[in-house]
Amino acid sequence: MNALFARHAILLVSMVKIVVLMFVLMTSLAYLVWLERKVAAHIQGRWGPYRVGPHGLMQPLADALKFLFKEDTTPAGADRFVYFLAPFVTLSLAISTIALIPFGPGAVQIFGQRTPLVIANVNIGLLAVFAITSIGVYGVALAGWSSNNKYSLLGGLRSAAQMISYELSLTMSVAGVLLLAGTFNMSEIIMAQSGYTWGFLPRWNLLSPTAPQLLGFFCYFVAAVAETNRLPFDLAEAESELVAGFHTEYSSFKFAMFFMGEYASMITVSCLATILFFGGWLSPFPQTAAFAWARYLPAAAFGIAGIALVLNGLRYSTAWGRVMLPVMGILLCALAGLLARPGSVDFLQGPLWFVLKVLVILFVYIWVRWTLPRFRYDQLMGIGWKFLLPVALANIVLTSLAVVLHK
Amino acid sequence: MSAQLAVFFILAAMAVAGAVSLIVQRHPIHSALSLIVVMAALAGLYLLLEAEFIAAIQIIVYAGAIMVLFVFVIMLLNAGVEERTSLSRTAFYAGVPLAMFLLVELAYRVERASGPMAAQPSPAAATRGLAMLLFQDFAFPFEATSILILIAILGAIVLAKRDV
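### Remarks on the overall build of chain A
Looking only at helices and strands, chain A has 15 helices and four strands in total. Its C-alpha atoms give chain A principal-axis dimensions of roughly 65 × 65 × 60 Å. Out of the 407 residues in chain A, the part that is buried amounts to 42%.

This is the structure:
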């Protein structure tokens, strides 16, 4: 047994990491939907989910159960094999990109093996992510085609054309970052952004002293919103024109798979933006004695959130909420206490800053969706080809010039 | 059997099965999907050869861009199941022996040519080396190709716009 374990240690350790990451990802997917509904509601002056559990916190569970128990229908005349294949393609591709994202600089001990906080640390990390997302279009296109429904087909066609167009700008917008970092490896791209201009301004690619990637980030973000088929670029769904677009005919768990796929790719794109433009796990504060207090900021944030939750929970309308919310608050405070211990405070710096940046980008993502109206289809193509692509190309030229002059 | 060899055989079987399915399938979309499987399996084989960059490009360009275009056109034209005509039957009877002949010839050549392989550069250096070759040593052919493609695009636009 031990010999077998020693031979396949890397396999077993990877398995453990995959299981843990899957659990975290699935939970955060569920609560991302909750967050989206809450933010949308507050933007529109509503309360959002409020009935299932305090502040609607049990809503994701209720949604999942509802999806599972709905009838799973297949339309007449559908191409059955492709109809079944499409949701699997969408979800599995959206999830698998997470394997390439590094979450922190440290390493953890699993079964006595030291292993970094990433499942696959490969030389072509960034290219591999783009390779996986570039196949993602098949899920949507094939779903639209196989449903044997004109609205679905139109949605599939639109998304295929849209994703080809915007993928170009997406890839081009990242070239500036690659020029600055000189590598495809994600961890090395992050490490290339360490350091501080004038002692306090972080040298993230967005604020790089050589060539600030403001244009690059703008192009990346717009193209990423279009790649994930979200408003204002959700022409593949366009409720007002195409019923529900490519997933009109899908019900039950197959629909849930498309739904989860969309949110999983949102998380991937936000993680990528964090790595490429916001310095990944790097802290925004310099690591000097004057800023030593900044190391305790994540723990302090947890503590304040816990106290706020306790105070809010004690005044909650239902008895269940008056118990559950304070308990959660106390747990958060305990977590903050654990985080503030000298051993864990340094180790958890990276992952916590990373998650915080990803959350901010996800919030902007949701904010954009509920603020901007949908573009017309010709406007969408016009923006992609006539505006975004030239800007991304200009960014490459400017960055190359800056890099050459800087040397 | 080493793990690498096992992965090779799995990928090779995938590629061959995909290629056979590409021909046997009656519906264009199913054929296109089979071709994507072939592309993905080939990318996996490149990875086994430690050509990481080529593997990624294989997926991005072929599986991700060109095949999407194929699928897009098939969907746009709403192409149905292909028909079997007397000509396609003739092609089948003529094609099988020809394919067999090609297979035997390839096997013979590969068998004779198998010598020691050249030393491989490290994967990280491979991408850099490829870039040097493309943009320094072969910069002129590279640029000439891009102009050729540009001319082709312009030609397509001229042809498409004639009716408008």
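### Points about the environment of Leu 133 of chain B
All names here are of chain B. Mapped onto the elements, Leu 133 comes out in helix H5 (residues 123-137). On the neighbour-count criterion, Leu 133 (12 C-beta atoms within 10 Å) is exposed. Sequence separation of Leu 133 and Val 110 is 23 residues, and the distance between their C-alpha atoms is 28 Å.

### Some details on the interface of chain A and chain B
Every contact between the two is made by 18 residues of chain A and, on the other side, 16 residues of chain B. Of all the secondary structure elements, the ones that give two or more residues to the side of chain A that touches chain B are helix H5 (125-135), helix H6 (137-146) and helix H7 (150-181) of chain A.

### Considering unusual backbone geometry
All names here are of chain A. Of note in the backbone geometry, Asn 148 takes a positive phi value of approximately 55 degrees without being a glycine. Note that Asn 148 resides in the loop between H6 and H7. The class of Asn 148 is partly exposed, set by 15 C-beta atoms lying within 10 Å. Even without a glycine there, the phi angle at Ser 252 is positive, about 55 degrees. In this fold, Ser 252 is placed in helix H11 (residues 252-277). For Ser 252, a count of 15 C-beta atoms within 10 Å translates into the label partly exposed.

### A short note on the domain arrangement of chain B
All names here are of chain B. Along its sequence, chain B is carved into domain 1 (1-83) and domain 2 (122-164). For domain 1 and domain 2, the distance between their C-alpha centres works out to 23 Å. Each partner contributes to the interface: domain 1 provides four residues, whereas domain 2 provides four residues.

### Points about the confidence of the model for chain A
Chain-level statistics for chain A give a pLDDT mean of 83 and a share of 98% at 70 or above. Ranking the elements of chain A by mean pLDDT puts helix H1 (residues 2-7) of chain A last with 67 and helix H9 (residues 214-227) of chain A first with 89.

### Considerations on the environment of Met 381 of chain A
Tracing the chain through its elements places Met 381 of chain A in helix H15 (residues 377-406). A C-alpha to C-alpha distance of 8.7 Å links Met 381 of chain A and Ala 161 of chain A, two positions 220 residues apart in sequence.

### What to know about the environment of Arg 37 of chain A
Residue and element names in this part refer to chain A. Here Arg 37 shows up in helix H2 (residues 9-43). Judged by the 18 C-beta atoms lying within 10 Å of it, Arg 37 falls in the partly exposed class. Sequence-wise, Arg 37 and Leu 57 are 20 residues apart; in three dimensions their C-alpha atoms are separated by 11 Å. Once you skip the residues sitting within four places of it in the chain, Arg 37 turns out to touch Gly 48 and Pro 49.

### A closer look at the packing of H2 of chain A against H11 of chain A
Residue and element names in this part refer to chain A. Here H2 crosses H11 at 105 degrees, and the two axes come no closer than 10 Å. As summarised for this structure, H2 and H11 are arranged roughly perpendicular, according to the angle between their axes. Seen from H2, the contacting residues are Leu 25, Ser 28, Leu 29, Leu 32 and Val 33; seen from H11, they are Met 260, Tyr 263, Ala 264 and Ile 267. Across the contact of H2 with H11, the residue classes tally to eight nonpolar, one polar and no charged.

### What about the nonpolar core?
Judged by nonpolar contacts, the single largest core of 123 residues is most densely connected at Ala 141, Tyr 220, Ala 223 and Ala 273 of chain A together with Met 39 and Ala 56 of chain B. Ranked by residues supplied to this core, first place goes to H11 of chain A with 15 residues. Dropping the residues within four chain positions of it, Ala 273 of chain A is found in contact with Tyr 220, Phe 221, Ala 224, Phe 278 and Ile 361 of chain A.

### Considering helix H12 (residues 297-314) of chain A
Residues and elements named next belong to chain A. Helix length check: H12 (18 residues) gives 26 Å between terminal C-alpha atoms against 26 Å at 1.5 Å per residue, within 8%. Buried residues of H12: Pro 298, Ala 299, Phe 302, Gly 303, Gly 306, Leu 309 and Gly 313, and no others. Buried residues of H12 fall within an arc of 140 degrees about the axis and therefore sit on the same side. The exposed set on the far side of H12, more than 90 degrees from its buried face, consists of Ala 308 and Leu 311. In this structure, the buried side of H12 is in contact with helix H13 (319-339) and helix H14 (342-369).

### Concerning H6 of chain A
Of all ten residues in H6 of chain A, ten are buried, a share of seventy percent or more. Taken as a whole, H6 of chain A has its buried residues at Val 137, Tyr 138, Gly 139, Val 140, Ala 141, Leu 142, Ala 143, Gly 144, Trp 145 and Ser 146 of chain A. Residues of H6 of chain A that are buried make contact with helix H4 (80-96), H5, H7 and H11 of chain A together with helix H2 (28-48) and helix H3 (52-77) of chain B. Taken from the residues just after H6 of chain A, Asn 148 of chain A is the one with a positive phi, measuring 55 degrees.

Cut-offs and rules
- Residues numbered from 1 in each chain as written.
- Chains lettered and ligands numbered in written order.
- Predicted model: local features only at pLDDT ≥ 70, side-chain atom pairs only at ≥ 80, totals over all residues.
- Helix = DSSP H or I, 4+ residues; strand = E, 2+ residues; numbered from the N terminus.
- Buried ≥ 20, exposed ≤ 12 C-beta atoms within 10 Å, placed from the backbone.
- Contact = placed C-beta atoms within 7 Å.
- Domains from an automatic or database assignment.
- pLDDT = per-residue confidence, 0-100.
- Axes fitted to C-alpha atoms, helices over the stretch in contact; angles between N-to-C directions.
- Parallel < 35°, antiparallel > 145°, perpendicular 65-115°, else oblique.
- Nonpolar A, V, L, I, M, F, W, Y, C, P; charged D, E, K, R; others polar.
- Core = buried A, V, L, I, M, F, W, Y, C linked by C-beta atoms within 7 Å.
- Expected span 1.5 Å × (residues − 1).
- Arc of directions from axis to C-beta.

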